[in-house]
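Coordinate inspection notes
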Amino acid sequence: DNNAAQRAAQLRALITRYNREYYELDEPSIPDAEYDRLFRELQQLEAEHPQLLSSESPTQKVGSKPLTSFRQVQHETPMLSLDNAFSEDEFSTFVERIKDRLDSSSEIAFCCEPKLDGAAVSLLYEHGVLVRGATRGDGQTGEDITANVRTIRNLALQLEGDYPDRLEVRGEVFMPVKAFERYNEQALARGEKVFANPRNAAAGSLRQLDSSITAQRPLHFYAYGMGVVSTGTTLADSHYERLQQLQSWGLPVSDEVKRVADGGSCHGYYQDILSRRDALRYEIDGVVIKVDSIPLQNDLGFVSRAPRWAIAWKFPAQEEITT
Ligand SMILES: Cc1c[n+]2nc(N)[nH]c2nc1OC(C)C
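Our subject in this report is the structure included herewith. On a predicted model such as this, the values are computed, not experimentally measured, just so you know.

This brings us to the environment of E27. With respect to the helices and strands, E27 occurs in the loop between α1 (2-25) and α2 (32-48). Owing to a relative accessible area of 53%, E27 belongs among the exposed residues under this scheme.

On to the site of the ligand, then. Taken together, L80, L82, E113, P114, Y224, V288, K290, W309 and A310 are the residues near the ligand. The side chain of E113 places a nitrogen or oxygen atom 2.8 Å from a nitrogen atom of the ligand. Between the ligand and the protein, one listed contact pairs a nitrogen atom with a backbone N or O atom of P114 at 3.1 Å. Protein contacts shield 85% of the accessible area of the ligand, which totals 380 Å² for the unbound molecule. Broken down by secondary-structure element, the contributors of at least two residues to the shell around the ligand are β3 (110-116) and β10 (284-291). Class assignment for the residues of the shell around the ligand results in 7 nonpolar, no polar and 2 charged.

What follows covers empty space enclosed by the protein. All chains considered together, the criterion is met by 3 cavities of 30 Å³ or more. In this model, the largest cavity occupies a volume close to 110 Å³. Residue assignment for the lining of the largest cavity shows that the elements contributing at least two residues are α2 and α4 (146-149). Taken together, the residues of the lining of the largest cavity break down into 5 nonpolar, 6 polar and 3 charged. Approximately 70 Å³ is the volume found for the second largest cavity. The wall of the second largest cavity is formed by 14 residues, among which F39, S64, D210, S211 and S212 lie closest to the centre. Classifying every residue of the lining of the second largest cavity by side-chain character gives 6 nonpolar, 5 polar and 3 charged.

What counts and what doesn't
- Residues numbered from 1 in each chain as written.
- Predicted model: local features only at pLDDT ≥ 70, side-chain atom pairs only at ≥ 80, totals over all residues.
- Heavy atoms only, no water.
- Helix = DSSP H or I, 4+ residues; strand = E, 2+ residues; numbered from the N terminus.
- Buried < 20%, exposed > 50% of the residue type's maximum accessible area, 1.4 Å probe, protein only.
- Near = heavy atom within 4 Å.
- Polar contact = N/O pair within 3.5 Å; in protein donor to acceptor, adjacent residues only side chain to side chain.
- Areas by Shrake-Rupley, 256 points an atom, 1.4 Å probe, with all protein chains shown as cover.
- Nonpolar A, V, L, I, M, F, W, Y, C, P; charged D, E, K, R; others polar.
- 1 Å grid on protein atoms, 1.4 Å probe; cavity = no way out; pocket = protein on both sides within 12 Å on 5 of 7 lines; lining within 4 Å.
- Points joined across faces, edges and corners; volume = space filled by probe spheres on them.

What follows is the structure, encoded as structure tokens:
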């Protein structure tokens, strides 16, 4: 609406002037915190009204003074961590414990996913528009990295289909291996810092205060779950089908996700992904096995911050490649 457009124009003029003061006159007329507030207000306006976004905006140009800190975000539902299994026996114990708790003799379906070695994020879409990105932080409080997640190469800024009014998507931001190697080569040639591994590259790029630097990093995203979803939305009662719903709304999900009929079949999935580990476009450090039924997940609940209904089954550590 046009008062958003007027406010955005006013902010662009102010920030452009403060950039000039900061870079050319080296005598900023306002404190950093005030500049940060205005800059974030413009970023937020542009996130909520994509039509206001222009390449001329100071939020899109390298020359803008970087933020001095990130704002905090309180996750409406905690972003959980995962218990680990390091062997077949430990995984089998996980399955047996679930069967005992559910007192179910019938088989339980599981959703099997690759465990990407990147950085977990929460993405909030309102009326189909990406309005906020946040790091996991401590699970309760994360950092607002909206400007940075907007630079992710394969991310929909606008959803499609019959998406909910309000949808929080959770997933992993990662740097594909080839892009990581290319990035490091170029950084080395420019005498700049190289990253030890794709996980550090993704996490480091997301925590960049200057989003125009993040924009130069080839980041990707795969969704693996939902956070808050507006009431009245009909969601599948299968995790696997919920991931398909996310795909139908235009969100990327790894094509290695599979649903299997019982705990025994997870071993085959683990071995299959392990055997193809070096051929995958992204680094993984295991697989994540989840009870597929949402009602059963709710019956099982969580222990402290890790769900009883999911486990990360980790691979043996790869011999460290030294770059
Ligand atoms: C922390 C986490 C990480 N991952 N990674 C995948 N693929 N799924 C997944 N789920 C997670 O947590 C949910 C089980 C809540």
